[in-house]
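Coordinates in review
Now for the letters of each chain:
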Amino acid sequence: MTIRNRIALQFSLIVASILVVFSVLIYFISATYRREEFYDRLKNKALTTVRFLIEVKEVDQKLLKIIDRNTLTALFDEKVLVFDAKNKLIYASVDDQVIHFESSLLDEVRQRKEVETFSGHNELVGLLYQHDDRNLVVLASAYDKFGESKLDNLRLTLGWGLFVGISISIGLGIFFAGQSLRPISQINEQVSTITARNLQQRLDEGNRQDEIARLAINFNTVLQRLEQAFDQQRSFVSHASHELRTPLAALKSEIQLGLRKRLTVGEYEEILTNLMSDTDRLIGLTNSLLFLARTMESSSHVLFQRVRIDDVIFVAKDELVGAKSTYRIEVDYQNIPETETETVVYGNEDLLKQVLLNLFDNACKYSSNQTAQIRISTNAQHCQISIEDQGIGMSAEDVQHIFEPFYRAQNVLEYDGFGIGLSISAKLIELHRGTLAVESQLGKGSKFTISLPHL
Ligand code: ADP
């Protein structure tokens, strides 16, 4: 069943139940009022008749019958019977017709003084009338023709009202459910036209207020992220092939040079040295690519544990300075940690070291004094590590792109590197639920700040 039909059905069921409950209530209340009113009229009739019979000496049975038959307010099929204490009928308002009742009814009336019951489809009232030691039982019965016909009319009106009301509510339910769900159908149509080839397409965000508009907005955000991811993937592949092609082309031309004519041993040595450096570059590049691929792949099953970030900083510093002795890395605490746990974060030591190595290396590599200043600071929620240098810096435009794989600024072309390190670092920090921010000024220096949440 479609959502539209389900909503319409639920709406109609609710409206129909309300209508049915109200109709039944109205009918029963009206029926009760009618019955009570009719019993009152029957009681009055019974009392008036017995009073005339017993208390008014001038009226005898014959005259009373005449009065009874000629009263304008007489009820339909009206009959009044009066019995004495021995159950002997002493007055009947009609000669031929009788009231059908159980013989026990007279005793019940004497006991309860007043009884309301039925005789066939007529209503019947029994009253105990006491006068001068005489205990008389009066039975009055009649058919409430007028009241019953009013009730029939009410039943008919309510029945038709119910039928029309429920039909209208079904129609309105289908109409309004269709109206409310139309934007979803439109979104459906638009979504079905989106493929990997036209990810730049966006859904209509309507009034940007209601739930469906918010669904479209969120979907558009997802589309935007997907588009970015696809673009990154595309540019990654083209950059990677370009980066691999350059050293391979250099290798090939070196080899061709060596094969063209006989060379001296010195010239062969030079070619081999060049081949060696190009091969090193190729190995470096493939290692970086492999690491990037592994980082993306295995990010979901990395082992996380308590890591003292200052320990990792010192290990990375020693490793880097050990490999490149001209680098200087100065580590400083902004606020001395009061407890050991203040520099503890939840993470993977190897991956965090990889990030720090990359940032320390960049800071030293891109500054003439080859010096990086590391500052550790902590607060209740985070542990921050800033890596600052007084190097070549970056333009605002470069800052926007440095986390994209293979992006290298124009001012670093004579420096070694592939432009992959920062994109790996950013992903690793994201994996640790931290942030990696950068401030830089061209020609003055750069400052990278890692912020990692505590445990
Ligand atoms: P690589 O250093 O191998 O080129 P990275 O991914 O580490 O690759 O850095 C990407 C780019 O960001 C660098 O090519 C450079 O343009 C810029 N960059 C990174 N760190 C610095 C820094 N400390 N000073 C100036 N530029 C930097």
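Residues numbered from 1 in each chain as written. Predicted model: local features only at pLDDT ≥ 70, side-chain atom pairs only at ≥ 80, totals over all residues. Heavy atoms only, no water.

As named in an unreviewed UniProt entry, the chain is histidine kinase, taken from Spirosoma profusum. For the record of the chain, the UniProt heading Catalytic activity (unreviewed entry) holds the text "ATP + protein L-histidine = ADP + protein N-phospho-L-histidine." (UniProt positions renumbered as here; feature names shortened; annotations may be inferred.)

Remarks on the packing of helix 1 (residues 3-55) against helix 2 (residues 61-70)
Where helix 1 meets helix 2, the closest approach of the two axes is 10 Å, and the angle between their N-to-C directions is 150°. Considering the angle they form, helix 1 stands roughly antiparallel to helix 2. When the axes of helix 1 and helix 2 are compared, the crossing they make is right-handed. On helix 2, the residues that touch Lys-45, Thr-49, Phe-52 and Leu-53 of helix 1 are Gln-61, Leu-64 and Asp-68. Grouping the amino acids of the contact of helix 1 with helix 2 by side-chain chemistry returns three nonpolar, two polar and two charged. (Axes fitted to C-alpha atoms, helices over the stretch in contact; angles between N-to-C directions. Helix = DSSP H or I, 4+ residues; strand = E, 2+ residues; numbered from the N terminus. Parallel < 35°, antiparallel > 145°, perpendicular 65-115°, else oblique. Left-handed = near helix turned anticlockwise from the far one by under 90°. Contact = heavy atoms within 4.5 Å. Nonpolar A, V, L, I, M, F, W, Y, C, P; charged D, E, K, R; others polar.)

Overview of the UniProt feature "transmembrane region" (unreviewed entry) in the chain
In the numbering used here, UniProt assigns the "transmembrane region" (unreviewed entry) feature to residues 7-29 and 158-177. A distance of 33 Å separates the end C-alpha atoms of residues 7-29, which is 100% helix and 0% strand. Secondary structure content for residues 158-177 is 100% helix and 0% strand, and the end C-alpha separation is 27 Å.

Structural notes on unusual backbone geometry
Positive phi values are uncommon outside glycine, yet Asp-133 reaches one of about 65°. Structurally, Asp-133 can be placed in the loop between strand 4 (122-131) and strand 5 (134-143). For Arg-433, which is not glycine, the phi torsion reads 60° and is therefore positive. Mapping Arg-433 onto the fold places it in the loop between helix 10 (421-431) and strand 11 (435-441). By relative accessible area, which is 74% here, Arg-433 ends up exposed. (Buried < 20%, exposed > 50% of the residue type's maximum accessible area, 1.4 Å probe, protein only.)

Notes on the domain arrangement of the chain
Partitioning the chain into domains gives domain 1 (3-150), domain 2 (211-295) and domain 3 (305-453). The straight-line distance from the C-alpha centre of domain 1 to that of domain 2 is 105 Å. (Domains from an automatic or database assignment.)

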